[in-house]
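Inside the fold
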Amino acid sequence: MSIIAAAHPAHPAHPAAPAAPGFALTKIQPPRPRGRLIARPRLEQQLAQALAMLPLVLVSAPAGFGKTAAIARQVGQLGAGTALAWIAVDEDDDLGRLAACVVAALEPFDLPWRTSPEALVAMQDGQREARQVLASELLNALAATDVPRGLIVFDDLHRVTDPAVFEWLDALLERLPPHWGLLIAGRADPPLALARLRARGELAEFRQDALRFDDDEVADLVRLRAQGLPAGAGDAALPEAARALLGRTQGWPAGINLALAHSGRPGAAGQPAPAGSLLERHVFDYLTVEVLDNLEPALRDFLLRCAVLPELSLSRCVAVSGHSPAQAARQLEEIERRGLFVSVRGADAGSETVLCLHDLFRDCLAQRLRSELPGEWPRLQRLAADSEPDLVRRVGHLARAADWPAAEAALYAQGPSLLARGAVQPLLRLIEQFPAAVREASPRLAHLRGLCAWAHWDILTMCQCLAQAADGHQRHGDLAAAQRARSLLVLGLSAGGQVPRSVALLAQLRRQTMDLDAEVTAWQAESWHALAASRTGDVAAPLGRTMELLARSDDPVLWLQAVPLTSFVGLPGTAPAIQRYIDGALRLMPEEPPSTLRVMAHALQAGLWLGQGRVEEAASGLARVDADRRWLNRPPNLSGYYHLFLGLTQAVLGRREAALAAAQARLDGLDDERTSGRREVWLNHFLYARLRLAMMLDDAATVQAMADALALRASPQELPFFVRERRPLAGHQAALAGHWADAALHYARALDDEPGIDLYGQVIETRLRCAHALVMTRRLDEAAAVLRPLPGRLAAAGGHGAVFFAGSRVLAGLAAVPWGARLAAGEAQALQHWSRQLHGLRGRPDARPEVPPASAGARPEAGPVLSPREAEVLARMAAGDSNKLIARAFDLSPHTVKRHVANILDKLGLSSRGQAAAWYRGQRSGNG
């Protein structure tokens, strides 16, 4: 089995800067108030009081009760300074998509995020832990936002089918800050803990009775719609007509508006409004017979053809309807003028005004389109898909057209970009929309499922799907796709312990002409195979070739996939290739905002510095990696690199608790429930890594505990690579027991298999420990003989950092030996220098200690050290500038400003922008 990133495969999550929102911007724009709405003082007063005080306001009623109109009018009257985030829910929305909408809708209010909100959204993979982190981080940001009142609106939440959404909303409502509230509107009660909120007095409910029009409101509406009679002209104006309309509709808003829209005569309403499940059918029939069939033919045809669109913008209506731009513009103006059951949602990404049809009206139009023009339905859905930038909606159009080949092609083309943003779960949900027979027969969908499994380290599923994809691509004649699938399968087989199959498949691929991506992957696999066979001296050549080829690509996904394994650091001749990777990745990705690829490169750089003996630089680099890692919501693949190098660095510095905590974090990472068999394969390797850290720290108890755990897990089925790396263990146990002769013997035997133990500097460490054991038995000549190859090994490794892994006791003991002629003067002096250096490192406090988060309002005891840019941003914050203004002033991206704000708050030990501004002003006045 190859050592794949210390059991953390570098899957393509977050390789680049956060992408633009993957949804239509109209989803986060409240409807514009319509001029023909009447005031509803009773309802508006009750809504205003509830929205000002309560955590949750629920507006729940069947279709046609004016829910959106009522809340849209109400939010337009919110008090000054109120923060409003409006989210119009679509049928295809899952938690990740809705969370992305919430983040984007809150962007104008400069929430003081401590973790990248884009990273929080991208990490929504269907697991409860990810949902909990998202809820916690959002709640903390809301609590620290300097607004008098904030409101998040979810309109049409009944469309959601993802249970994770409701679990997340329950988590928000449980701890929602007192100055924030949620408003949920829908046709049915959401599956939330409403009874608990109701019992606490934290819920206001507006249902059918509250939304019905009363006598005065019906009269006002009749006056408003009647020609020549202004609102408020007096109750005698049309009292009989108003009473008739109220009686027939029972105050049902849809029935009233249907009657007035149809003829302008209040008596035109049909029978009294039905209750329960008949209500929507009543509206549907009325719309079909009384409204649609009485429209002018051109307008009717336009509406029928555009019914396939979720929103009506000029450019998309032109593309779908076949009308000219001028004709389409006139029709849209007429629809808005007549108030044909539409709301105005502002502008889309192309700065066009967008109209949204009421669900019932759109459903009516769609049914009539399918019955009158059945052949047009699939064609119009395909046209809508062609002009739809949102992948989720595009696939939905093609699914409704039953054009599965086109839907598959769209998903196959765009799926990797979703994975590049870490959107694994949304991609899997899109794949699930396909019929089972299509999924099973499609090599493209199997390929995407394999990539999703790779992202979750589900190696068994990855291999199964990629093998199926490769065979299917081959049958369909897509040889390039088959090659790409098999090249990734080579890595999956190797990562899953099936090295012989991986080697055989790679040999098969080598007989073909490969494209750049496949060739990079093939050479990458060669380096893995060399390591899996303990041919550590053979890793450098294929690794170097991988980097030569990779330099020809600017694809961040390929770069992240090809990241050198942590196990390569310190192997003979690998340092130049790893440095080339680091330099290339840093050139490829911008410094801000942080990306997984760039931070991974910084983690590798810290590893190289540690191997070169530049321990303080490694510690400083890892502090930066940790800050970036936390901003990115601790991606697991990046955390694996970080915790490995952190554990080694902290052990060198003599910090027992920090070193063992890092090792434990790696062990905890094996418990990911999405993986397949990973813990069973890797547990012994991770236990031994923890044992090595304890040995560096002379922690006999932890060494023995890890040795006991390994003994209990001994198995003849264990892969030879892992068995061989533990050959120094018997020497460690003997040394700790003071049995120096036995220790020397066991260490010498381990050195007989240098390729097998050459992992994370263990050959160098074992030579020093063996020499020390020989010194303790007064066999100085033999000890000197063991040490003589050391300079050559250090040169091959790229530095002397691994000597520190032997620990202070061993280095001090060797430095004190009067070697005389047994060692060259320079060799003896090197031992003394290393001992002094390690002693100095262990006696020195942290250059950049990690400060635990302070409570809100707490000030640090020592003065914070802000960077020059952070100081400039803080000054602008104190002046009241928004993130957008700060970004413009310093020519930064908004993401970079968010990151600076998070750093400032962390360093000051504060929680909000307002607290930071007050701190700044206090410092200025104190210095003045």
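Reading the values: the criteria
Position numbers for residues count from 1 along each chain, tracking the sequence in the order it is written. For a predicted model such as this one, the threshold for reporting local features is a pLDDT of at least 70, and the threshold for listing and counting side-chain atom pairs is 80 or more; totals across whole chains, interfaces and linings nevertheless cover every residue. Each side-chain value is derived from all of the structure's non-hydrogen atoms; neither hydrogens nor water enter the calculation. Put simply, DSSP H or I for four residues or longer makes a helix, DSSP E for two residues or longer makes a strand, and each gets a number counted from the N terminus. The rule is simple: take the accessible area with a 1.4 Å probe, protein chains only, and divide by the maximum for that residue type; under 20% is buried, over 50% is exposed, in between is partly exposed. Contact definition: two residues touch when any of their heavy atoms are within 4.5 Å. For the accessible areas, the method is Shrake-Rupley and the probe is 1.4 Å, while residue cover comes only from the protein chains on display. Working definition of a nonpolar core: buried Ala, Val, Leu, Ile, Met, Phe, Trp, Tyr and Cys residues. They are joined through side-chain atoms within 4.5 Å. Two strands qualify as a pair provided DSSP detects at least 2 bridges between them. Lines fitted to C-alpha atoms define the axes here, with helix axes fitted over just the stretch in contact, and angles between the N-to-C directions of these axes take values from 0 to 180 degrees. What qualifies as a polar contact is a pair of N or O atoms within 3.5 Å, subject to a donor-acceptor requirement within protein and to the restriction that residues adjacent in sequence count only when both atoms come from side chains. The cut-offs work like this: below 35 degrees is roughly parallel, past 145 is roughly antiparallel, 65 to 115 is roughly perpendicular, and the gaps in between are oblique. Under the scheme applied, nonpolar residues are Ala, Val, Leu, Ile, Met, Phe, Trp, Tyr, Cys and Pro; charged residues are Asp, Glu, Lys and Arg; polar residues are all the others, including Gly. Each helix should span, by expectation, one fewer than its residue count multiplied by 1.5 Å. Bend is computed residue by residue as the angle between axes fitted to the seven residues ending at the residue and the seven residues starting at it. Take a side-chain nitrogen of Lys or Arg and a carboxyl oxygen of Asp or Glu: if they are within 4 Å of each other, that pair is a salt bridge. Under the pairing criterion, centres of Phe, Tyr and Trp rings, with the six-membered ring standing for Trp, must be within 6.5 Å; the plane angle then separates stacked pairs below 30 degrees from edge-to-face pairs above 60, leaving the rest tilted. Over a ring means this: the NZ of a Lys or the CZ of an Arg is within 6 Å of the ring centre and within 35 degrees of the ring normal. pLDDT is defined as a per-residue confidence score from the predictor, taking values between 0 and 100. A crossing counts as left-handed when the near helix is turned anticlockwise from the far one by less than a right angle, and as right-handed when that turn is clockwise. Cysteine sulfurs are considered disulfide-paired once they come within 2.5 Å of each other.

What follows concerns the overall build of the protein. Helix and strand counts for the protein stand at 48 helices and seven strands. Taking all 928 residues of the protein together, 57% fall into the buried category. A fraction of 70% describes how many contacts in the protein between residues 6 or more apart in sequence connect residues 24 or more apart. Here the protein has roughly 36,500 Å² of accessible surface; of this, 53% comes from carbon and sulfur atoms.

On to the nonpolar core. Membership of the largest hydrophobic core comes to 165 residues, with the highest contact counts inside it found for L411, L768 and W819. Residue contributions to this core peak at 10 residues, all from helix α34 (residues 678-696). When residues no more than four places from it in sequence are discounted, the contact partners of L411 are L391, V395, P416, L427, L430, I431, F434, L445 and L448. Ranked by size, the runner-up nonpolar core spans 48 residues in total, among them L138, L169, W180 and W631.

A separate point is the sheet that holds strand β1 (residues 56-60). Strands sit in the order β2-β3-β4-β1-β5 across an open sheet of five strands; the sheet is parallel. Strand pairing shows two members of the sheet lacking a second neighbour, β2 (83-88) and β5 (203-206), which therefore form its edges. Adjacent strand axes in the sheet meet at a mean angle of 15° when their direction is disregarded. Across six bridges, the pairing between β2 and strand β3 (residues 150-155) is parallel. By the bridge assignment, I87 is partnered in β3 with F154.

As a further point, take the pairing of strand β4 (residues 180-186). For β4, the tally of buried residues reaches seven of seven residues, placing the bulk of the element in the interior. Residues of β4 alternate between two faces, with W180, L182, I184 and G186 on one and G181, L183 and A185 on the opposite face, all of them buried. With five bridges connecting them, β1 and β4 associate as parallel partners. Residue pairing for β4: V57 is matched across the bridge by L183. With six bridges joining them, β3 and β4 adopt parallel strand pairing. Across the sheet, the residue bridging to V153 is L183, located in β4.

Time to look at the side chain of H447. Of note, H447 is situated in helix α22 (residues 443-455). There is a polar contact of 3.1 Å between the side chain of H447 and the side chain of H473.

For the rest of this paragraph, the subject is the packing of helix α46 (residues 883-890) against helix α47 (residues 894-908). Orientation of α46 relative to α47, taken along the N-to-C sense of each, is 110°, at an axis distance of 9 Å. Relative to α47, the element α46 lies roughly perpendicular. Note on element contacts: α47 touches α46 through P894, V897, K898 and V901, opposite N883, I886 and A887. Its residues placed into classes, the contact of α46 with α47 shows five nonpolar, one polar and one charged.

All right, on to helix α19 (residues 404-420) then. A rise of 1.5 Å per residue sets the reference length of α19, with its 17 residues, at 24 Å; its end C-alpha atoms lie 24 Å apart and thus fit the reference within 8%. Along its length, α19 shows its largest kink, about 40°, at Q414, and proline P416 lies within four residues downstream of that point. The complete set of buried residues in α19 reads W404, A407, E408, A410, L411, Y412, G415, L418, L419 and A420. In this structure D403 caps α19, since a side-chain oxygen of it lies 3.2 Å from the backbone nitrogen of A406.

What follows is about the pattern of salt bridges. For the structure shown, the criterion picks out 61 salt bridges. Among the ionic pairs, E44 bridges to R73, the shortest N-O distance being 2.5 Å. Of this pair, E44 sits in helix α1 (residues 41-53) while R73 sits in helix α2 (residues 67-75), and the two are 29 residues apart along the sequence. The exposure class of E44 is buried, given its relative accessible area of 12%. Linking R379 and E376 is a salt bridge whose minimum nitrogen-to-oxygen distance equals 2.7 Å. Linking R379 with E376, this pair stays in helix α17 (residues 376-386), spanning three residues, or about one helical turn. Accessibility expressed as a relative area gives 19% for E376, which makes it buried. A network of salt bridges, in which partner residues are shared, links K27, D90, D93, R97, D156, R159, E311, D390 and R393.

With that settled, consider the packing of aromatic side chains. Given two aromatic rings, one states the distance between the centres and the angle between the planes to describe the pair. Scanning all chains against the criterion turns up five aromatic pairs. Between W404 and F434, the ring centres sit 5.3 Å apart and the planes meet at 50°, which makes this aromatic pair tilted. Residue W404 is found in helix α19, and its partner F434 is found in the loop between α20 (424-432) and α21 (436-441); the two are separated by 30 residues along the sequence. This pair shows no difference in class: W404 is buried, exactly as F434 is. One aromatic cluster is present, built from ring pairs that chain together W682, F686, F721 and F722. In this structure, R370 is placed above the aromatic ring of W377, and the distance from its NZ or CZ to the ring centre is 4.6 Å.

This brings us to unusual backbone geometry. Even without being a glycine, D110 presents a positive backbone phi close to 55°. The topology assignment puts D110 in the loop between α3 (95-106) and α4 (117-122). The backbone of D891 sits at a positive phi, close to 55°, despite the residue not being glycine. Here D891 shows up in the loop between α46 and α47.

Turning to the confidence of the model for the protein, a few remarks are in order. Averaged over every residue, the pLDDT of the protein is 86; residues scoring 70 or more account for 85%. Every residue in residues 1-20 is under pLDDT 50, and counting partners more than four places away or in other chains gives 94 contacts. Counted against residues more than four places away or in other chains, residues 228-237, with its pLDDT under 50, gives 12 contacts.

A separate point is α2. For α2, the complete set of buried residues consists of K67, A70, I71, A72, Q74 and V75. Each element contacted by the buried residues of α2 is listed here: α1, β1, β2, β3, β4 and α8 (208-211).

With that settled, the discussion passes to the environment of R836. Residue position: R836 is located in helix α44 (residues 825-842). Taking relative accessible area as the criterion, R836 reaches 54% and is therefore assigned exposed. For the pair formed by R836 and A812, sequence separation is 24 residues and the distance between their alpha carbons is 8.1 Å.

In contact at an axis separation of 10 Å, α1 and α2 are set at 65° when each is read in the N-to-C sense. With respect to the hand of their crossing, α1 and α2 are arranged in right-handed fashion. On the side of α1, the interface is formed by L43, E44, L47, A48 and L51, while α2 contributes A70, R73 and Q74. Here the residues of the contact of α1 with α2 are counted per class, giving five nonpolar, one polar and two charged.

Secondary-structure assignment places H158 in the loop between β3 and α6 (163-174). Taking the relative accessible area as the measure of exposure, H158 reaches 26% and is therefore partly exposed. In sequence terms H158 and A188 are 30 residues apart; their C-alpha atoms lie 6.0 Å from each other. Those residues in contact with H158 that lie beyond four places of it in its chain are G186, R187, A188 and D359.

Let's shift gears to the state of the cysteines. What the rule picks out here adds up to zero disulfides. No disulfide involves C306; its sulfur sits 3.7 Å from that of C317, the nearest cysteine. This cysteine, C463, is not joined by any disulfide, and C465 carries the nearest cysteine sulfur, 9.6 Å off. According to the relative accessible area criterion, C463 is buried, its value standing at 11%.

For the rest of this paragraph, the subject is the side chain of R40. One can find R40 in the segment before α1. With near-sequence residues (within four places) excluded, R40 lies in contact with A210, L211, R212, F213 and E217.

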